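Each chain is listed here by its residues.
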Amino acid sequence: MSKNLELAEENIDIQHNILANNQLIPASIAEETTIVSGNPDNLNNGELADDSQSKIWAIVSLSAALLAVSLAAIFIRLSEREISPNATVFNRLWIATAVFGIWNGAGEARRRMSGNVVEARSNYTLKDVMLLTAVGVVSSASLGFWAWSLTQTNVANSTVLRNLTPLFTTLGGWLLLGRHFDSRFLLGLVVALSGAIAIGTTDLQIAGDNFTGDIAALLSAMFYAANLLIAEDLRTKFPATTILMWRCLIGSLLILPLVLLEGDRIFPYSWEGWLAVIALAVICQAFGQGLLIHSLGTLSSGFVALFLLLEPVITAIIAWMLFSESLSLFNWFAFSVVLAGIYLAKSSKYADRK
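Residues numbered from 1 in each chain as written. Predicted model: local features only at pLDDT ≥ 70, side-chain atom pairs only at ≥ 80, totals over all residues. Heavy atoms only, no water.

A.B. asks: Help me out: how do you make sense of the overall build of the protein in this one?
C.D. replies: When you go through the protein residue by residue, the secondary structure sums to 14 helices and zero strands. Per-residue burial over the protein gives 40% buried out of 354 residues. Contacts in the protein between residues at least 24 apart in sequence constitute 88% of all its contacts with a sequence separation of at least 6. (Helix = DSSP H or I, 4+ residues; strand = E, 2+ residues; numbered from the N terminus. Buried < 20%, exposed > 50% of the residue type's maximum accessible area, 1.4 Å probe, protein only. Contact = heavy atoms within 4.5 Å.)

Laid out in structure tokens, this is it:
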């Protein structure tokens, strides 16, 4: 009897050991599988590949924006054959506001028809409204001071001083937002600014009667730098089309009283004039500025401002091809210096948006 009990107890112990082993083996296999499948190197490589691809597309978008924005001078010249500069800006902004409004409305309608939940970013806070209003005000102030500077000083002085925008953008990011920049980015900034300033030094004048216009051009650069910094902050919540719709709406409301006080014609009177202002609004403002603000989701405002130094370069090349305006060897050298500075800045990690 006792022997039978001992044998039964031994059998029970053996069964317990078998069950325990059967439970431990699948757990260990699952643990090993999890460790093998969760290779951190593969995850890092995938993230780096996606990040690199997004940067490439951001540079492509910024290049397309630069080409579109560089056409603005040509369309402005055609528009001002019929209406004043302020009226040209007003038509540019209100038409662009309508374009962005239709685009945002169509996007909202598509989301509702598809049954998707409206994103939370569409809810405006007081801070959002203040920043969206501010981006419209500083952008309009930049355009206004630049236009005024051209009446008080020569084109070369105004262009050189307004090209200091990257300097103010970098200083603003450092002083106001606590950002830091490495030596490579700062070197690229100095090189690119030197090339941009050299482009306008041929006719640069330093005289007391130009002081008011020079200050206006300098203020234009500062306001445009503030525009880029605010737009970069807004890109964390809003798409580029929403930011630009607000900016164009507020700008058109601010400039309308100036147009009315001038007493000049508000709208073009021929189809060529309408074609010029529509192209200015759609190509330069909606397409060009839209891609520019969109790139701020990936690239830093400092690098975008630096990249925009190529705008007078592209404009000069277009004028050379279309209007046979001469370009000296010194101009081509200055163009290459700007490109070298932008390349140096892009190779820095601080060219990417944080």
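A.B. asks: Can you help me understand the pattern of salt bridges in this one?
C.D. replies: Pairing of side chains with opposite charge becomes possible as their charged atoms draw close. This structure, assessed with the given rule, holds one salt bridge. Taking the shortest distance from any N to any O, the salt bridge between Asp128 and Lys237 comes out at 2.4 Å. One end of the pair, Asp128, is in helix 5 (residues 126-152); the other, Lys237, is in the loop between helix 9 (211-234) and helix 10 (240-262), and 109 residues separate them in sequence. Accessibility expressed as a relative area gives 24% for Lys237, which makes it partly exposed. (Salt bridge = Lys/Arg side-chain N within 4 Å of Asp/Glu carboxyl O.)

A.B. asks: In this structure, what is going on with helix 10? I would like to understand it.
C.D. replies: For the α-helix, the turn length of 3.6 residues means that residues three or four positions removed from each other point alike. Here helix 10 spans 33 Å end to end across 23 residues, near enough to the 33 Å set by a 1.5 Å rise per residue. The largest bend in helix 10 amounts to roughly 30° and is located at Ile255, with the proline Pro257 lying one to four residues further along. Of the residues making up helix 10, those classed as buried are Ala240, Thr241, Thr242, Ile243, Leu244, Arg247, Cys248, Ile250, Gly251, Ser252, Ile255 and Val259. (Expected span 1.5 Å × (residues − 1). Bend = angle between axes of the 7 residues up to and from the residue.)

A.B. asks: What is the right way to read the environment of Ala58 from this model?
C.D. replies: Examined against the element boundaries, Ala58 turns out to sit in helix 2 (residues 40-70). For Ala58, a relative accessible area of 5% corresponds to the buried category. Between the C-alpha atoms of Ala58 and Leu291, which are 233 residues apart in sequence, the distance is 8.7 Å. If we skip the residues at most four places from it in the chain, Ala58 touches Ser295, Thr298 and Leu299.

A.B. asks: So what exactly am I meant to see when it comes to helix 14 (residues 329-346) here?
C.D. replies: Taking 1.5 Å per residue as the helical rise, helix 14 with its 18 residues ought to reach 26 Å, and the 26 Å between its terminal C-alpha atoms agrees with that figure. Every buried residue belonging to helix 14 is among Asn331, Ala334, Phe335, Val337, Val338, Gly341, Ile342 and Ala345, and all of these are buried. Projected down its long axis, helix 14 carries its buried residues within an arc of 160°, all on one side. The exposed set on the far side of helix 14, more than 90 degrees from its buried face, consists of Leu329, Phe333 and Tyr343. (Arc of directions from axis to C-beta.)

A.B. asks: Before we go on, may I ask you to explain the packing of aromatic side chains in this structure?
C.D. replies: The description of two aromatic rings rests on the distance between their centres and on the angle between their planes. The full count for this structure, using the stated rule, is four aromatic pairs. Taken together, a centroid distance of 6.5 Å and an interplanar angle of 90° make the contact between Trp94 and Phe267 edge-to-face. A residue pair is termed long-range when its members are at least 10 positions apart, and Trp94 in helix 4 (residues 85-114) and Phe267 in the loop between helix 10 and helix 11 (271-295) qualify at 173 residues. Note on Phe303 and Phe307: the rings are 6.0 Å apart at their centroids and 50° apart in plane angle, and the pair reads as tilted. Taken as a pair, Phe303 and Phe307 lie in helix 12 (residues 301-307) at a separation of four residues, close to a single helical turn. In this structure, Phe303 and Phe307 share a single accessibility class: buried. Aromatic ring contacts, followed pair by pair, group Trp94, Phe267 and Trp274 into a single cluster. (Phe/Tyr/Trp six-rings, centres within 6.5 Å; stacked < 30°, edge-to-face > 60°.)

A.B. asks: In this structure, what is going on with the packing of helix 10 against helix 11? I would like to understand it.
C.D. replies: If you want to describe how two helices pack, look at the angle between their axes and the distance between the axes. Running from N to C, helix 10 and helix 11 cross one another at 125°; their axes reach a closest spacing of 9 Å. Classified by the interaxial angle, the pair formed by helix 10 and helix 11 is oblique. Crossing hand, helix 10 versus helix 11: right-handed. Residue-level inspection shows Ala240, Ile243, Leu244, Arg247 and Cys248 of helix 10 in contact with helix 11, the latter providing Gln285, Gln289, Gly290, Ile293 and His294. Of the residues assigned to the contact of helix 10 with helix 11, the class counts are five nonpolar, four polar and one charged. (Axes fitted to C-alpha atoms, helices over the stretch in contact; angles between N-to-C directions. Parallel < 35°, antiparallel > 145°, perpendicular 65-115°, else oblique. Left-handed = near helix turned anticlockwise from the far one by under 90°. Nonpolar A, V, L, I, M, F, W, Y, C, P; charged D, E, K, R; others polar.)

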